[in-house]
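Coordinate inspection notes
Residue strings, one per chain:
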Amino acid sequence: SFSRVYYSAENIIQEDPVSLKLGNLTISAFPEQQGKLVAINDGGRAGFRVCNSCGYATLDKKPGSHETPWGSKCKSEHFQRRISLGHEFQTDVLHIQINGYQNKNQGFWYSLLYAILEGASTALEIERRDIDGCLYAYSGDPSSPRIVLFDDVPGGAGHVKRISESRENLLKVLTSAYSKMTNCTCGGAIGDSSCYSCLRNYGNQFCHDELKRGKVVDFFKEYVLPYIIDEVAI
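Residues numbered from 1 in each chain as written. Predicted model: local features only at pLDDT ≥ 70, side-chain atom pairs only at ≥ 80, totals over all residues. Heavy atoms only, no water.

**Quick look at the environment of K73**
To keep it simple, the criterion reads: Put simply, DSSP H or I for four residues or longer makes a helix, DSSP E for two residues or longer makes a strand, and each gets a number counted from the N terminus. Here's how the labels work: a residue is buried when its accessible area is under 20% of the maximum for its type, exposed when over 50%, partly exposed in between, all with a 1.4 Å probe on protein chains only. Contacts are assigned to residue pairs with any non-hydrogen atoms lying within 4.5 Å of each other.
Along the chain, the position of K73 falls in strand β7 (residues 73-74). What makes K73 exposed here is its relative accessible area of 62%. Sequence-distant contacts of K73, defined by excluding residues within four places in its chain, comprise H66, E67 and T68.

See below:
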C-alpha cells in the first residue's frame, strides 16, 4: 500500500485517561473525539505527476494526453514534478502513552503498535480492518512516542475508545497482544521476524522488515507481565 496515515496534533481535546502502574513504568490510555489525521500517498516513494491544467494525476514518468475529470480530452503537457497526495479526515482516536520507558529502535515501536491493534481486535471483538494506528512523537523524542490508535471508519465508531473505558479492558488488550505474539512461531525461538499471522498486514507493508514479534514478547516479559500476572490469566 502506498498510503500512510499520520496524526495531526492540532486542537487536541483529551479525556481522562485509564492508567496501569507497572513498577517504574506507567501505561496510560486516553480517548480523543474526532481527532484529526492525514492520509498521504507518495506513490511508493516515486511521487505523482499532476497536470497543472485539470488536476489529472499519474505515476507515469512521461504523461501524455489524458482525460479531464469531466471526461473531455486535456492537451496540456505541463505537469508538476513528483509530489505526494493527501487528505485530512476525523475519527475517534485513542492515545497510549508509556511513561518511564524509552527505546531508540523504531522497529520496536511499530511492532508494539501492531501487536496492540491485534490484541484489541481479539480481546474486544473488533474487526481488525476497522481499526488502525500510527506513531506520534508528541514530545519531539522518537524514542518515546505515543501509540495512536484510530477507528478506520468515517467519523469513528467508538471502537478504540472502548480500550480506555476501564482498566480491565486495557489489561485485556495488552495480554491478548502478548498471547498473539507468543502463539506465533515465525522467526524461531527468538521471534526475529513477523508474518501475516501475527504483525503483518497489507496496510503496514512500509515497515514489514522492521516488525519483530520477539521485541514485543521481550518487552512484555520484562516490563508488563511481572506486575499483572496475578490479575489476569495469560
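**Some details on the packing of helix α1 (residues 106-123) against helix α3 (residues 213-228)**
Filter applied, for reference: Fitted lines through C-alpha atoms give the axes, limited to the stretch in contact for helices. The angle between two N-to-C directions lies from 0 to 180 degrees. Each angle is binned into one of four classes, with values under 35 degrees roughly parallel, values over 145 roughly antiparallel, values of 65 to 115 roughly perpendicular, and all other values oblique. In this classification, the charged set is Asp, Glu, Lys and Arg, the nonpolar set is Ala, Val, Leu, Ile, Met, Phe, Trp, Tyr, Cys and Pro, and all remaining amino acids, among them Gly, are polar.
α3 packs onto α1 with a crossing angle of 80° between their chain directions and a minimal axis gap of 8 Å. Viewed along their axes, α1 and α3 adopt a mutual orientation that is roughly perpendicular. Where α1 approaches α3, its residues G107, F108, S111, L112 and A115 are matched on the opposing element by K215, V216, F219 and F220. Class assignment of the residues belonging to the contact of α1 with α3 gives a composition of six nonpolar, two polar and one charged.

**Overview of the state of the cysteines**
What counts is decided by this rule: The disulfide criterion used throughout: a pair of cysteine sulfur atoms within 2.5 Å.
All chains considered together, the criterion is met by zero disulfides. Not engaged in a disulfide, the cysteine C54 finds its nearest cysteine sulfur in C51; these two sulfurs lie 3.8 Å apart. C186 supplies the cysteine sulfur nearest to C198, a cysteine that is in no disulfide, at a spacing of 3.7 Å. By relative accessible area, which is 1% here, C198 ends up buried.

**Quick word on unusual backbone geometry**
The phi angle of most residues is negative, glycine excepted, and most peptide bonds adopt the trans form. Residue Q34 is not a glycine yet carries a positive backbone phi of 55°. Take Q34: it is sitting in strand β3 (residues 25-41). For E125, which is not glycine, the phi torsion reads 55° and is therefore positive. Tracing the backbone through its elements, the reader meets E125 in the loop between α1 and β9 (131-136).

**A word on α3**
Basically, it comes down to this: The seven residues ending at a residue and the seven starting there each receive a fitted axis; the angle between those axes is the bend at that residue.
Largest kink in α3: about 45°, centred on K221. Buried within α3 are the following residues: R213, G214, V216, V217, F219, F220, V224, L225 and I228. Looking at the buried positions of α3, the neighbouring elements they touch are β2 (18-22), β3, β8 (85-99), α1 and α2 (167-182).

**Section: α1**
To keep things clear, this is the line we draw: Residue count minus one, scaled by 1.5 Å, sets the expected span of a helix. Polar contact criterion, stated in full: a pair of N or O atoms within 3.5 Å, where within protein one must be able to donate a hydrogen and the other to accept it, and residues adjacent in sequence count only if both atoms are side-chain atoms.
Spanning 18 residues, α1 covers 26 Å between terminal C-alpha atoms, matching the ideal 26 Å at 1.5 Å per step. With 15 of 18 residues buried, α1 lies mostly within the body of the structure. Where α1 begins, the side chain of N105 points an oxygen toward the backbone nitrogen of G107, at a separation of 2.7 Å. Phi turns positive, to about 55°, at E125, one or two residues after α1.

**A few points about the side chain of T91**
Along the chain, the position of T91 falls in strand β8. At 3.2 Å, the side chain of T91 and the backbone nitrogen of G156 are in polar contact.

**Quick word on the environment of G156**
The topology assignment puts G156 in the loop between β10 (146-151) and α2. For G156, a relative accessible area of 24% gives the class partly exposed. Filtering out sequence-adjacent residues up to four positions away, G156 remains in contact with T91, D92 and D151.

**A closer look at the pattern of salt bridges**
The criterion, for reference: One speaks of a salt bridge when a side-chain nitrogen belonging to Lys or Arg is within 4 Å of a carboxyl oxygen belonging to Asp or Glu.
In total, this model carries four salt bridges according to the counting rule given. Of the charged contacts, one joins E88 and K36 as a salt bridge, the two residues approaching to 3.9 Å between their closest N and O atoms. Note that E88 is positioned in strand β8 and K36 in strand β3, a separation of 52 residues in sequence. Taking the shortest distance from any N to any O, the salt bridge between E118 and K180 comes out at 3.5 Å. Taken together, the positions of E118 in helix α1 and K180 in helix α2 put the pair 62 residues apart, joining distant regions of the chain. Looking at E118, the relative accessible area reads 11%, which means it is buried. Given a relative accessible area of 27%, K180 falls into the partly exposed group. Here the salt bridges do not stand alone but share partners, grouping E118, R128 and K180 into one network.

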